[in-house]
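A structural walkthrough
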Amino acid sequence: MANQDVVLPDVGIAAAAPMPGSGRAAALFACRGAAGAAVPSLRRGAYALGLPGVVDEEEYLGAPAAASAHAPGRAGAATSWVVEAIRASSPTRCPAVAEYAAWTRKHPSALGSFDQIAAAAKGKRVVMFMDYDGTLSPIVADPDMAFMSTEMRAAVRDVAKHFPTAIVTGRCVDKVYNFVGLSELYYAGSHGMDIKGPSSKDETKVLLQPAREFLPVIDKAYRALVEKTSATPGARVENNKFCLSVHFRCVDEKRWTPLADQVKAVLRDFPELKLTEGRKVLEIRPSIMWDKGRAVDFLLKSLGFDDRGDVLPVYIGDDRTDEDAFKVLRKRGQGLGILVSKCPKETDASYSLQDPTEVMEFLLRLVQWKRRRSPAAAARPRAKQ
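The present account deals with the structure reproduced in this document. (Residues numbered from 1 in each chain as written. Predicted model: local features only at pLDDT ≥ 70, side-chain atom pairs only at ≥ 80, totals over all residues. Heavy atoms only, no water.)

Thoughts on the overall build of the protein
Of the regular secondary structure elements, the protein holds 13 helices and twelve strands. A total of 385 residues make up the protein; the buried ones form 52% of that total. For the protein, contacts bridging at least 24 residues in sequence account for 67% of all contacts bridging at least 6. For the protein, the exposed area adds up to about 17,300 Å²; of that, 51% sits on carbon and sulfur atoms. (Helix = DSSP H or I, 4+ residues; strand = E, 2+ residues; numbered from the N terminus. Buried < 20%, exposed > 50% of the residue type's maximum accessible area, 1.4 Å probe, protein only. Contact = heavy atoms within 4.5 Å. Areas by Shrake-Rupley, 256 points an atom, 1.4 Å probe, with all protein chains shown as cover.)

In structure tokens form, the structure reads like this:
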């Protein structure tokens, strides 16, 4: 990728809960609304149940909001809400053709709309942000086997030659770096809580780690979760350094509610942490107002691209956590969000792609478009007719 002088901006991080050791209880749940049509009803149900820390979008981004009191005797209802949110975020059936067609009219294919995207990018500096699992690699049962293909790696490498490129993921930086294997990229791991710049052979530049104070608490919670969930067949706890993931893709659906109960029971002892959900995964993170969207903002500022009208950030992702980045781009009024999904979902993305295969095709077309517009290509003599 083109060399960039990284200028670290001042970053204000709003705390949703005090740092470890303060003794004040923080929200255990900061779940977003579930995908698709279930979003409004689930959110209303959460408020009606009085779940602690269930917040709307403004509160999640740092606006003040009154926390609802957790009424006694409602633990079962709270757990059922989590399970319903899990089901909604990981649909098991694809919709009817008419339903999908209506959704794609609102979120058209980025491949079918490539000319429109190219027109928006004309004369602007494109900056690429991409999730990993489900975007650059397929979703697999074993998270340690989520390898990207050689062809996808080559496509990402070519993209990075022409555009500043970052991987923004819930994985820890070291693990996703081992999967991708490209030192010229920026990596924002742990949902943006561990941001590192392009590395040389002997050095990796750490740009930001806003949750370092939580590392001892996260380590204790990890060990507690491993012990608590060990009796649930198929459950797996992954330590992503600044956050934890409880994978249940291989867990029988009948055991989802008991598993959610186990996770919630552990988190009662760790008020500094909060619980969110993704695609067949429960995410435990520090209770600070930081997410993938804020990581995107930070990287744009670090690269000197903030407050410039000639920049077009493009974010491609498939998970609920990527909605924070889509929302940031929409709020900026600058940039394009592309959701990777075969099923309709409530999203702030402008465009859609169905799977990693289409993501790779989009990346290849973007590189071809850039090469055709390069000065070298323009100066190249045309073949005689």
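Topic: the nonpolar core
Formed by 52 residues in total, the largest nonpolar core has its most connected members in F129, L273 and I284. Of all hydrophobic cores here, the second largest spans 41 residues; its members include L111, M130, A146 and I167. (Core = buried A, V, L, I, M, F, W, Y, C linked by side-chain atoms within 4.5 Å.)

Considering helix α7 (residues 173-180)
Given 3.6 residues to a turn, an α-helix orients residues that are three or four positions apart in the same direction. Of the residues making up α7, those classed as buried are V173, V176, F179 and V180. For α7, the angular spread of buried residues about the axis comes to 125 degrees, placing them on one side. Contacts made by the buried residues of α7 are with α6 (150-162), β2 (165-168), β3 (186-189) and β4 (194-196). (Arc of directions from axis to C-beta.)

Digging into the packing of aromatic side chains
Inspection of every chain in the model, using the stated rule, returns eight aromatic pairs. Aromatic pair F114 and F362: ring centres 5.8 Å apart, planes at 70 degrees, arrangement edge-to-face. With a gap of 248 residues between them, F114 in helix α5 (residues 114-121) and F362 in helix α12 (residues 356-373) connect regions that are remote in the sequence. The burial state of F114 is the same as that of F362; both residues are buried. Here a set of aromatic residues connected by ring pairs shows up, and it is made of F129, Y315 and F326. (Phe/Tyr/Trp six-rings, centres within 6.5 Å; stacked < 30°, edge-to-face > 60°.)

These figures capture arrangement, not role.
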